[in-house]
Amino acid sequence: MKSESKSKERQLVLDGVGVAPGIAIGPAHVVESGALNVPEYRVTKAEVADEKARFKAAIEGSRSQIERLKGKTKGMPPAVAEDLGYLLEAHLQMLTGSRLVRGVEERIADGRINAEAAVQAEISEIARGFAELPDAYMAARAQDVREVGARLIRNLTETPYQAFQRLPEGAVIVADEVTPADTALMDPKMIAGFATVMGGAEGHTGIMARSLELPAVLGVPDLTRSVSSGDMVIVDGLIGRVVVNPDAPMLRRYKERQNSLERERQRLGELRDLPAVTRDETHIELHANLELPREIELAVNAGAEGIGLLRTEFMFMNRETPPDENEQYESMRGLVEGMGGRPVTIRTLDVGGEKLAYSLGDHIADAVNPALGLRAIRLSLKQQRLLETQIAAILRAGAHGPVRILLPMISTVGEVRQVRDVVAKVVRRLKRRRARLAKQVPPIGVMIEVPGAALAADAIGRVADFFAIGTNDLTMYTLAIDRADEQVAHLFNPLHPAVLRLIQFSAEAAFRARIPISVCGEMAGDPRYTALLLGLGVRELSMAAANLPRVKQRVRQIDLMAATQRAQMIMDQADSRRIAVLLDDFNTFA
Ligand code: PEP
Ligand code: MG
């Protein structure tokens, strides 16, 4: 139902950060803050008992999940286990005859609303009460209440992985925030695009949107205050603009742009079977980055020569428990077979930071500074069972075609050695089980995405079989700019000389160690940077499948000698604006 338009039907143009190119035009679906995807409907008097029974079942389900989580704390260090134990106990108490339970039951009975909506309303009220308390400890309890509420709602909806599906077809999602896990639930056949108040271009929400080819604009300050569900909106993901209630000429212009983008897409599609070679016949390997197994079709259709980065963390999102070895193996096997003999680079889990997977426990979200905390390989080495399971699945998938293992956030040689020990142990165990494996243990590569790893690339190159430069994190950590924060998004600049020097140094170290090096951060998928990366010695690029044709087109225009000379000239510069001019000039004329 269309509520009264906040923009009073007058055209309103809002600017933000364009993160996934393309244009979406459709009715807005505004997601209220903190109430992601909670269905709300009335129930009849006769249905009240059923609704209460559903609520009771959700409580039981939540209790047993929390008990299971409590069981898992046993393997953790004592201090962590104790803290987590208290927290989970508090959550259990909230589910037993508490004000929360009574309040929800009353709302169902008196307000005649469905259980999800009743939980949502009750939780908001209790959390608000807590948050207003002057005592910081008590105020922080508001978060616990919200977590318990979210768990109840996940159990009530029973379809936590189907979110965003009850929307009108072709809707444009408008929200304060969309997490990477939320984005993984979006079906591009149903959703036209999305826009949010929070988020920057290089965060994983933006990356997912590009992978799914969903037009998206993030970081639009007044967005949710200016749009109502049902308003017609245009999302221009290229220039980062949202138009609310467009007038007729604006709508016509955007429809024409949509058509011309579609024509361009078809034209670029014709490049699919042409080789990615420079003008002087040097072959550049173009691979695809994948977050979800369902994207494989896009990678194959784009003519990817392999998967250069599989972000396995998305397999752990939007579910209560992590996938076991067999489930992981089956998904990976599907990908390996789908790629028909082309290599698949599987990165071990990179949760933490802004990528949260609640199936691994809520405690990961509690880091003092998530970007510098128990992220990626650090988590895997701490919870080695998790790593062993993943490695076992990768090794078994390797029996069906070439795979490579990639390690995220490495900063020391010791971490690589520890993983090698784990791999050797898992190989022994699988052989005892007589599991089918490839003859050779897959190559083990290292993401160069921490400045310290780039500077230590010579030493790391001695223990790694290949490097993959993650320019997203490398830029973030070098410049101290959160890649997902819209307030500093304009400062995120991979052309900063410090970032380029780290890329150059890593490429030279790989050359000295005689190991392959690729770039798999967002820089690899932007044709603006192609000549510079090739000029710095990189011969393999991995990107969202949608970017592949445009990058291939650019590769085919480049003369490697000229690109190398321009890269050298750029590396002599101290100012990123001057670097941008030199690069853009080269892109225009060479
Ligand atoms: C990177 O950091 O550049 C990268 C490719 O990894 P992710 O974006 O998944 O952190
Ligand atoms: Mg990274």
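Below you will find a few notes about this structure.

Cut-offs used in this document
- Residues numbered from 1 in each chain as written.
- Chains lettered and ligands numbered in written order.
- Predicted model: local features only at pLDDT ≥ 70, side-chain atom pairs only at ≥ 80, totals over all residues.
- Heavy atoms only, no water.
- Helix = DSSP H or I, 4+ residues; strand = E, 2+ residues; numbered from the N terminus.
- Expected span 1.5 Å × (residues − 1).
- Buried < 20%, exposed > 50% of the residue type's maximum accessible area, 1.4 Å probe, protein only.
- Contact = heavy atoms within 4.5 Å.
- Salt bridge = Lys/Arg side-chain N within 4 Å of Asp/Glu carboxyl O.
- Donors = N, O, S within 2.8 Å, 3.2 Å for Na, K, Ca; no water.
- Pairing = 2+ DSSP bridges.
- Axes fitted to C-alpha atoms, helices over the stretch in contact; angles between N-to-C directions.
- Near = heavy atom within 4 Å.
- Polar contact = N/O pair within 3.5 Å; in protein donor to acceptor, adjacent residues only side chain to side chain.
- Areas by Shrake-Rupley, 256 points an atom, 1.4 Å probe, with all protein chains shown as cover.

1. Notes on helix α13 (residues 384-397)
Stage number 1. Taking 1.5 Å as the rise per residue, α13 with 14 residues should run 20 Å; its terminal C-alpha atoms sit 20 Å apart, in good agreement.
Stage number 2. With respect to burial, α13 is a largely interior element, eleven of its 14 residues being buried.
Stage number 3. Every buried residue of α13 is listed here: Leu386, Leu387, Glu388, Gln390, Ile391, Ala392, Ala393, Ile394, Leu395, Arg396 and Ala397.
Stage number 4. Check the buried side of α13 and you find it contacts α11 (325-338), β11 (344-347), α12 (376-382), β12 (403-407) and α14 (413-432).

2. Some words on the environment of Arg294
Stage number 1. Mapped onto the elements of the fold, Arg294 is located in the loop between β9 (285-290) and α10 (296-301).
Stage number 2. Judged by its relative accessible area of 44%, Arg294 falls in the partly exposed class.
Stage number 3. Here the alpha-carbon distance between Arg294 and Asp110, two residues 184 residues apart in the chain, equals 44 Å.
Stage number 4. Those residues in contact with Arg294 that lie beyond four places of it in its chain are Ala184, Leu185, Met186, Pro188 and Leu212.

3. Some remarks on the pattern of salt bridges
Stage number 1. In this structure the tally under the stated criterion is 32 salt bridges.
Stage number 2. Ionic pairing is found between Glu51 and Arg54, a salt bridge with its closest N-O pair at 2.8 Å. Here Arg54 and Glu51 lie together in helix α1 (residues 48-72), a separation of three residues that amounts to about one turn.

4. Details of the coordination of the magnesium ion (ligand 2)
Stage number 1. Every protein donor of the magnesium ion (ligand 2) is listed here as Glu449 (OE) and Asp473 (OD), and their distances to the metal cover 2.0 Å. On the criterion of sequence distance, the pair formed by Glu449 in the loop between β13 (444-448) and α15 (451-455) and Asp473 in helix α17 (residues 471-479) is long-range, its members being 24 residues apart.
Stage number 2. Take Glu449: its relative accessible area is 2%, and that puts it in the buried class.

5. A short note on the sheet that holds strand β15 (residues 517-519)
Stage number 1. In space, the eight strands of this closed barrel follow the order β9-β10-β11-β12-β13-β14-β15-β16, with parallel pairing throughout. Direction aside, the axes of adjacent strands within the sheet are offset by 30 degrees on average.
Stage number 2. Lying over the sheet, helix α18 (residues 497-513) contacts β13, β14 (466-469) and β15, oriented at roughly 165 degrees with respect to β14.

6. Description of the site of ligand 1
Stage number 1. Around ligand 1, the surrounding shell holds 17 residues, and the nearest of these are Arg311, Arg347, Gly470, Asn472 and Arg483.
Stage number 2. Gly470 is positioned with one of its backbone polar atoms (N or O) 3.4 Å from an oxygen atom of ligand 1.
Stage number 3. Measuring from an oxygen atom of ligand 1, one finds a backbone N or O atom of Asn472 at 2.8 Å.
Stage number 4. Alone, ligand 1 offers 290 Å² of accessible surface; in the complex the protein occludes 100% of this.
Stage number 5. Residue assignment for the shell around ligand 1 shows that the elements contributing at least two residues are α7 (204-212), β10 (307-311) and α17.
Stage number 6. Tallying contributions element by element places α17 first for the shell around ligand 1, with three residues.

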